[in-house]
Amino acid sequence: MSELAIIGGTGLSKMDKLVVVSKHNIETPFGSTSAEIIEATLDDQTVLFLPRHGEKHTIAPHKINYRANLWALHSLGIRKVVAVAAVGGISANAGPETLVCPDQIIDYTYGREQSFFSDNFLAEHHIDFTHPYTESLRKQVLIAARKNDISIIDNGVYGATQGPRLETAAEIKRMAQDGCNLVGMTGMPEAALARELGLDYACCALVVNWAAGLSEQDSILSEIEQTIESGMTLVEQLLTTLIKQSGSA
Ligand code: HPA
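Residues numbered from 1 in each chain as written. Predicted model: local features only at pLDDT ≥ 70, side-chain atom pairs only at ≥ 80, totals over all residues. Heavy atoms only, no water.

## Thoughts on the site of the ligand
Stated formally: One heavy atom within 4 Å of a molecule or strand makes the whole residue count as near it. Think of a polar contact as two N or O atoms within 3.5 Å of one another; within protein, one of them needs to be a possible hydrogen donor and the other a possible acceptor, and neighboring residues in sequence only count if both atoms come from side chains. By definition, any uninterrupted DSSP run of H or I lasting at least four residues is a helix, any uninterrupted run of E lasting at least two residues is a strand, and each is numbered from the N terminus. Residue polarity follows a fixed list, in which Ala, Val, Leu, Ile, Met, Phe, Trp, Tyr, Cys and Pro are nonpolar, Asp, Glu, Lys and Arg are charged, and the others, Gly among them, are polar.
Taken together, the neighbourhood of the ligand is formed by Ala86, Val87, Gly88, Leu166, Glu167, Val183, Gly184, Met185, Val208 and Asn209. Residue Ala86 places a main-chain N or O atom 3.2 Å away from a nitrogen atom belonging to the ligand. Of all the elements in the fold, those that place two or more residues in the shell around the ligand are β7 (80-89), β12 (182-184) and β13 (200-210). Partitioning the shell around the ligand into residue classes produces 6 nonpolar, 3 polar and 1 charged.

Structure representation (structure tokens):
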């Protein structure tokens, strides 16, 4: 079984290059996963793939069963998760089509199930979350980008908002003051849950629009539409290399 799982986000609900070996339908103590988990091969490496918004992108960010998704992947024996995310860009160097591998998170979400231990909490269930992403896995993402000549910013603060609406201009201004470079709706509690299970976790974020109030364009939504397809092709290219190199890491 594979050690690596990819959680696909908006714009990446499947990866065409993968050869599907089997599909896992897993019921967890926390309910059902967003979709069947695809077990696939690429060359001689295996990988698991799970689209977090469901196969047909019908699950809103605040309704995703993050606990079931992470629990199921862990129960299948994986040790590393690379999360793909379409995000808004806040800092000047993070315009549409930029790839970023963030190294920090600020969590603005609320009302989501944030822990596997909510009901039976013990002191040992606190996690050290100083560094929310796993440095060794971030490095593998960056190496895969370099091998493809894909430019990627190697750090950044991901601000996780509740959604499903986009932010107001004032909210983005505040997030910029807080130090956020990116804004997305699915970064938390996914990262914290991965840490609770002891999984390595990194994020490959594709900027698909300027965050609210930062663009000359009339419509953020049409900006997202214009960017997402070509950008995700790059992400897929990067992931293909990442999967191929996953056996040697
Ligand atoms: N805000 C929040 N989430 C997003 C955005 C955004 O501007 N773009 C893509 N996901």
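On we go from here.
## Things to note about helix α2 (residues 135-147)
Convention followed: Multiply 1.5 Å by the residue count of a helix minus one, and that product is the helix's expected span. Here's how the labels work: a residue is buried when its accessible area is under 20% of the maximum for its type, exposed when over 50%, partly exposed in between, all with a 1.4 Å probe on protein chains only. Contacts are residue-level and defined by heavy atoms, with any inter-residue pair within 4.5 Å sufficient.
Its 13 residues give α2 an end-to-end C-alpha distance of 18 Å, which sits within 8% of 18 Å, the value for a rise of 1.5 Å per residue. Those residues of α2 lying buried are Leu137, Arg138, Gln140, Val141, Leu142, Ala144 and Ala145. As for α2, its buried residues are in contact with β7, β10 (152-153), β13 and α5 (220-245). Two residues or fewer past α2, Asp149 is found with a positive phi of approximately 55°.

## Some details on the packing of aromatic side chains
Our working rule: Two aromatic rings from Phe, Tyr or Trp, using only the six-membered ring of Trp, form a pair when their centres are within 6.5 Å; if the ring planes differ by under 30 degrees the pair is stacked, by over 60 it is edge-to-face, and anything between is tilted.
Following the criterion strictly, the structure yields 4 aromatic pairs and no others. Members of the aromatic cluster, connected to one another through ring pairs, are Phe30, Trp71 and Phe116.

## Notes on unusual backbone geometry
Here the residue pair Gly163 and Pro164 is connected by a cis peptide bond, since its omega of -5° sits within 30 degrees of zero. Position of Pro164 among the secondary structure elements: in the loop between β11 (157-160) and α3 (169-178). With an omega dihedral of 10°, the bond running from Met188 to Pro189 counts as a cis peptide bond. Relative to the assigned elements, Pro189 resides in the loop between β12 and α4 (190-196). Look at His57: it is not a glycine, yet its phi comes out positive at around 55°. In this structure, His57 sits in the loop between β6 (45-51) and α1 (66-75).

## Structural notes on the packing of α2 against α5
Worth spelling out the cut-off: The axes are straight lines fitted to the C-alpha atoms, using for helices just the contacting stretch, and the angles between their N-to-C directions are given from 0 to 180°. When the near helix sits turned anticlockwise from the far one by under a right angle, the crossing is termed left-handed; a clockwise turn instead gives a right-handed crossing.
The geometry of α2 relative to α5 is characterised by a closest axis approach of 8 Å and an angle of 115° between their N-to-C directions. The crossing of α2 and α5 is right-handed. On the side of α2, the interface is formed by Gln140, Val141, Ile143, Ala144, Ala145 and Lys147, while α5 contributes Leu238, Thr241, Leu242 and Gln245. Among the residues making up the contact of α2 with α5, the classes are represented as 6 nonpolar, 3 polar and 1 charged.

## Details of the nonpolar core
The condition that has to hold: Among buried residues, those of type Ala, Val, Leu, Ile, Met, Phe, Trp, Tyr and Cys that are joined through side-chain atoms within 4.5 Å constitute a nonpolar core.
Of all hydrophobic cores here, the largest spans 37 residues; its most connected members are Leu70 and Leu73. When residues of this core are traced back to their parent elements, those giving at least two are β1 (4-8), β6, α1, β7, β11, α4 and β13. Once residues within four sequence positions are removed from consideration, Leu70 is found in contact with Ile7, Val81, Phe116, Glu190, Leu193, Ala194, Leu197 and Leu199.

## Concerning the pairing of β11
The following threshold applies: The pairing criterion is simple: DSSP has to find at least two bridges between the two strands. Looking down the strands as they point away from the viewer, one classifies a crossover as right-handed if the path from the first strand across the helix to the second runs clockwise.
Neither face of β11 is open: one carries Val157 and Gly159, the other Tyr158 and Ala160, and all of them are buried. Bridge analysis of strand β9 (residues 104-107) against β11 gives 4 bridges, and the strand direction is parallel. Following the sheet pairing, Asp107 is matched in β11 by Ala160. Pairing analysis gives 3 bridges linking β11 to β12, with the strands arranged parallel. Within β12, the residue paired with Tyr158 across the bridge is Leu182. Following the chain from β11 across α3 to the adjacent parallel β12, one finds a crossover that is right-handed.

## Side note on the side chain of Glu190
Mapped onto the elements of the fold, Glu190 is located in helix α4. On the accessibility criterion, Glu190 (0% relative accessible area) is buried. In this structure the side chain of Glu190 is engaged in a polar contact, spanning 2.6 Å, whose partner is the side chain of Tyr201. When neighbours within four sequence positions are excluded, Glu190 is seen to be in contact with Ile7, Arg52, Tyr66, Leu70, Ala83 and Tyr201.

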